[in-house]
Amino acid sequence: MAIRVTIADDQAVVRAGIAAIIDAEPDLCVVGQAADGEAAVELALSLRPDVALMDIRMPGAGGLAATAAITARNPATRVLVLTTFDLDEYLFAALRAGAAGFLLKDAEPERVIDAVRVIEAGAALLDPTVTRRLIDQFAEAPDPFGTTRLDRLTPRETEVLRQVARGLSNTEIAATLGISPATVKDHVSVILGKLGVRDRVQATIAAYEAGLIRPGLR
């Protein structure tokens, strides 16, 4: 069955371009389009797509409110934010609202297609370079609550989380730490449970807020 996608962007040309890219893939299909946040929420609740592509700045409630509403009321729909780099502060808020990941609008078409598949499969998608620059600006102060949560982790789990926050895949973490990808996967599952977060995106935010990864450092 094809992955069902909705697109929310206030620019008709952008929506049409993204829709053409997605509909060209045999395993993807666009089931609805919206020009503002309210319509995006209505689409997500009525059509229940697998993935909702979401712009941040739109008329009305906008993408932030729409993301929060969709993830709260229909968590089965995964939200992928598409934005421009100069809106980082909005993007960070979108991740807090429950977005499963983000891409820049100038991403290659293949990257958008891959992102939809990754998000639908239940994983999170973060561009490591953009993530580090984002956190440098908007997560400079460690969060004492985050530090408390990290105290629940074992030393090995803490190190795995550090590598997750650097943007490494399970395979890359396994090579770095000298363990198997399956073991990394198990560690990540336990980490998410102990931190009370849904995915790697929110785990990364928790790591930065707690000071496990400091701005400008790897």
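Preceding this paragraph is the structure being described.
Residues numbered from 1 in each chain as written. Predicted model: local features only at pLDDT ≥ 70, side-chain atom pairs only at ≥ 80, totals over all residues. Heavy atoms only, no water.

J.: What is the right way to look at the sheet that holds strand 3 (residues 51-54) in this model?
T.: Neighbouring strands of a sheet are bound in pairs by backbone hydrogen bonds; such pairs are parallel or else antiparallel. Spatially, 2-1-3-4-5 is the arrangement adopted by the 5 strands of the open sheet, whose pairing is parallel. One side of each edge strand has no neighbouring strand; the edge strands of this open sheet are strand 2 (28-34) and strand 5 (101-104). Averaged over all neighbouring strand pairs, the angle between strand axes comes to 25°, with direction disregarded. When strand 3 meets strand 4 (residues 78-83), the two strands line up parallel, connected through 4 bridges. For Met54, the partnering residue across the bridge sits in strand 4 and is Val81. Along the sheet, helix 3 (residues 62-73) contacts strand 3 and strand 4; its crossing angle with strand 3, the most-contacted strand, is approximately 165°. (Pairing = 2+ DSSP bridges. Helix = DSSP H or I, 4+ residues; strand = E, 2+ residues; numbered from the N terminus. Axes fitted to C-alpha atoms, helices over the stretch in contact; angles between N-to-C directions. Contact = heavy atoms within 4.5 Å.)

J.: When you look at helix 3 in this model, what are you seeing that I'm missing?
T.: Since one α-helical turn is 3.6 residues long, residues separated by three or four positions face the same way. In this model, helix 3 (12 residues) spans 17 Å end to end at C-alpha, consistent with the 16 Å of a helix rising 1.5 Å per residue. Within the span of helix 3, buried status applies to Gly62, Gly63, Ala66, Thr67, Ile70 and Thr71. Burial along helix 3 is one-sided: seen end-on, the buried residues are contained in an arc of 160°. Facing away from the buried side of helix 3 by more than 90 degrees, the exposed set consists of Ala72 and Arg73. (Expected span 1.5 Å × (residues − 1). Buried < 20%, exposed > 50% of the residue type's maximum accessible area, 1.4 Å probe, protein only. Arc of directions from axis to C-beta.)

J.: Would you mind going over the packing of helix 8 (residues 155-165) against helix 11 (residues 200-209) with me for this structure?
T.: Two quantities define a packed helix pair, namely the angle between the axes and the distance from one axis to the other. Relative to each other, helix 8 and helix 11 sit at 105°, their axes nearing to 9 Å. If you check the angle between helix 8 and helix 11, you find them roughly perpendicular. Contact residues: helix 8 offers Leu161, Val164 and Ala165, while helix 11 offers Arg200, Ala203, Thr204, Ala207 and Tyr208. For the contact of helix 8 with helix 11, the class distribution of residues is 6 nonpolar, 1 polar and 1 charged. (Parallel < 35°, antiparallel > 145°, perpendicular 65-115°, else oblique. Nonpolar A, V, L, I, M, F, W, Y, C, P; charged D, E, K, R; others polar.)

So far we have only geometry, and geometry alone does not tell us how the molecule works.
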